[in-house]
Amino acid sequence: MTAPTGSAPTASPTGRVVLLTTSHRVAPGLLSWPAWQTLREADRVLCADGAHPQLPYLREAGIRVEESSPTAEDLVTTCAGGRTVVVVATGEGEPALTDGLARLAGSGRVAMPELELLPASYDLPGARLLDLIQVMDRIRRECPWSSRQTHKGLAKYGIEEAYELVEAIEDGDRDELREELGDVLLQVVFHARIAEEDEDAPFSIDDVAATIVTKLIHRHPHVFGDATATTPEEVKAHWLRTKAVEKRRESVTDGIPLHQPGLALAAKLSSRVRSAGLDVPLPAGEGIGYELLALAARAETEGTDPEAALRAAARVYRDAIREREK
């Protein structure tokens, strides 16, 4: 198949077949200029799906579309004499038709028309997220397990998926990283879908996205406003100042989740104290808990994530155990 050029080609005696493809993730009617030009100049425009979302817009623009499912042989005959036929592809992409044309061309016994694939619309970055939302919506309605889930019931899976993502990052496995990012994204979409059904305070995935967009813009005045930040430290200072104004917290410890792993909790408390410029000595006490608290605070001061450091050491220990078991 020849690539579209956007200009009217010289008519071939055997004619021309144009397979027009569109993305269902782009609003119907938003087609490229070469697509509209080709549609207007075509001798016939065919579409097998009478309910194709593009058809109302094509007809509104004065394009006569025939509901038809021609065979490859039919198309070759129709194009004879130099005619151009545009086939508006359905969601499946017309595999039977394209396979039939390929067989005819390969036989060498048929004078074939020019064959052209013309993408009329393209996916924008992030368009596949719409597919995820549609799939999640159907699963929520039709799956016996998914339809019964609640925020509380799914909470443990969010924690598990987050840990699996961290493991993929630390292992450096790119394929695993892509998969685990998808699993974490699923948790967000799943919870947002459940939230739509709340009778008192419903919200959707669009509301979730709008909230984080607003937050990111507000907390990046050096990107979206007049503020200036040239170092990561200045960026962090902007973030903390705007966050403090937003949250109106009475204590630097407000907002720290107390149910996170102990080492991470201790490091976070130490970080908040250091960032606020407070002089708060570590509590004096005996036992492993106080010793771990001191180690976590020291690690945070030195720029080390104590949880990651312990996991790394634990992996070395695991490998030693496996080696001994051989």
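Once a new chain begins, its residue numbering starts again from 1 and follows that chain's sequence as written. With pLDDT at 70 or above as the cut-off, local features in this predicted model cover only qualifying residues; side-chain atom pairs require 80 or more to be listed or tallied, and sums for whole chains, interfaces and linings still use all residues. Each side-chain value is derived from all of the structure's non-hydrogen atoms; neither hydrogens nor water enter the calculation.

**With respect to the overall build of the chain**
Each helix corresponds to a stretch of at least 4 residues labelled H or I by DSSP, and each strand to a stretch of at least 2 residues labelled E; elements are numbered beginning at the N terminus. Each helix and strand in the chain was counted, giving 13 helices and five strands. When the backbone C-alpha atoms are referred to their principal axes, the chain occupies close to 95 × 60 × 45 Å. Looking at the chain as a whole, 29% of its 326 residues are labelled buried. Residue contacts are counted whenever heavy atoms from the two residues lie within 4.5 Å of one another. Sequence-distant contacts in the chain: of pairs separated by 6 or more residues, those separated by 24 or more amount to 63%. Here the chain displays about 21,300 Å² of accessible surface, and carbon together with sulfur accounts for 57% of that area. Relative accessibility thresholds used throughout: buried, under 20% of the residue-type maximum; exposed, over 50%; partly exposed, between the two (1.4 Å probe, protein chains only). Surface accessibility follows the Shrake-Rupley procedure with a 1.4 Å probe radius. Residue values consider only the protein chains on display as shielding.

**Brief notes about the packing of helix 6 (residues 151–171) against helix 13 (residues 306–325)**
Each axis is a line fitted through C-alpha atoms, taken for helices only over the stretch in contact, and angles between the N-to-C directions span 0 to 180 degrees. At their nearest, the axes of helix 6 and helix 13 sit 12 Å apart, and the two run at 70° to each other. When the axis of helix 6 is compared with that of helix 13, the two are roughly perpendicular. Relative to helix 13, helix 6 is oriented so that their crossing is right-handed. Residues Val166, Glu167, Glu170 and Asp171 of helix 6 pack against Ala308, Arg311 and Arg315 of helix 13. Taken together, the residues of the contact of helix 6 with helix 13 sort by class into two nonpolar, no polar and five charged. In what follows, roughly perpendicular refers to angles from 65 to 115 degrees, roughly parallel to angles under 35, roughly antiparallel to angles over 145, and oblique to any angle outside these ranges. For any helix crossing, the convention is left-handed if the near helix is rotated counterclockwise from the far helix by under a right angle, and right-handed if that rotation is clockwise. When residue character is reported, Ala, Val, Leu, Ile, Met, Phe, Trp, Tyr, Cys and Pro are called nonpolar, Asp, Glu, Lys and Arg charged, and the others, Gly included, polar.

**Some words on the packing of aromatic side chains**
We call Phe, Tyr and Trp rings a pair once their centres come within 6.5 Å, taking the six-membered ring for Trp, and we label the pair stacked below 30 degrees between planes, edge-to-face above 60, and tilted otherwise. The full count for this structure, using the stated rule, is two aromatic pairs. Seen from their ring centres, Trp145 and Tyr157 are 6.2 Å apart, and the 75° between their planes marks the pair as edge-to-face. In this pair, Trp145 sits in the loop between helix 5 (128–142) and helix 6 while Tyr157 sits in helix 6, placing the two residues twelve residues apart along the sequence. Residue Trp145 is classed as partly exposed on the basis of its relative accessible area of 44%. Joined through ring pairs, the aromatic side chains of Trp145, Tyr157 and Phe190 make up one cluster.

**Description of the pattern of salt bridges**
A side chain with one charge may pair with a side chain of the opposite charge, provided their charged atoms come close. What counts as a salt bridge is simple: a side-chain nitrogen of Lys or Arg found within 4 Å of a carboxyl oxygen of Asp or Glu. Applying the stated criterion across every chain yields a total of 20 salt bridges. With a shortest N-O distance of 2.6 Å, Asp131 and Arg25 are connected by a salt bridge. In this pair, Asp131 is assigned in helix 5 and Arg25 in the loop between strand 1 (16–21) and helix 1 (33–41), connecting sequence segments 106 residues apart. When the shortest N-O distance is used, the salt bridge between Glu66 and Arg44 registers 2.6 Å. Taken together, the residues Glu66 in strand 3 (residues 65–67) and Arg44 in strand 2 (residues 44–47) connect sequence positions 22 residues apart. Given a relative accessible area of 30%, Arg44 falls into the partly exposed group.

**Here's the deal with a nonpolar patch on the surface**
A patch is a set of surface residues, each over 30% in relative accessible area and not in a salt bridge, joined within 9 Å for like charges and within 5 Å for the nonpolar side chains Val, Leu, Ile, Met, Phe, Trp and Tyr. Together, Ile212, Val213, Leu216, Ile217, Val223 and Phe224 make up a nonpolar patch on the protein surface, roughly 530 Å² of accessible area in all. Elements with a contribution of two residues or more to the nonpolar patch: helix 8 (205–218) and helix 9 (221–224). No other element matches the four residues that helix 8 contributes to the nonpolar patch. Structurally, the position occupied by Val223 is in helix 9.

**Comments concerning the side chain of Thr78**
Summarising the element assignment, Thr78 is placed in helix 3 (residues 72–79). Classification of Thr78 by relative accessible area gives buried; the value is 18%. The contact partners of Thr78, leaving out residues within four places of it in the chain, are Arg44, Arg83 and Val85.

**Section: the packing of helix 5 against helix 7 (residues 174–195)**
Where helix 5 contacts helix 7, the axes come no closer than 10 Å and their chain directions differ by 55°. Viewed along their axes, helix 5 and helix 7 adopt a mutual orientation that is oblique. Every pair of crossing elements has a handedness; the one defined by helix 5 and helix 7 is right-handed. Residues Leu129, Leu132, Ile133, Met136, Asp137, Arg140 and Arg141 of helix 5 touch helix 7, and the partners they reach there are Leu185, Leu186, Val189, Phe190, Arg193 and Ile194.

**Comments concerning the side chain of His52**
Position of His52 relative to the elements: it lies in the loop between strand 2 and helix 2 (55–60). Overall, the relative accessible area of 6% leaves His52 in the buried class. A polar atom in the side chain of His52 sits 3.0 Å from the backbone oxygen of Ala89. Aside from chain neighbours lying at most four places away, what touches His52 is Thr22, Cys47, Val88, Ala89 and Thr90. Between N or O atoms, a polar contact is any pair within 3.5 Å; within protein, one atom must be a potential hydrogen donor and the other a potential acceptor, and residues adjacent in sequence are included only when both atoms are from side chains.

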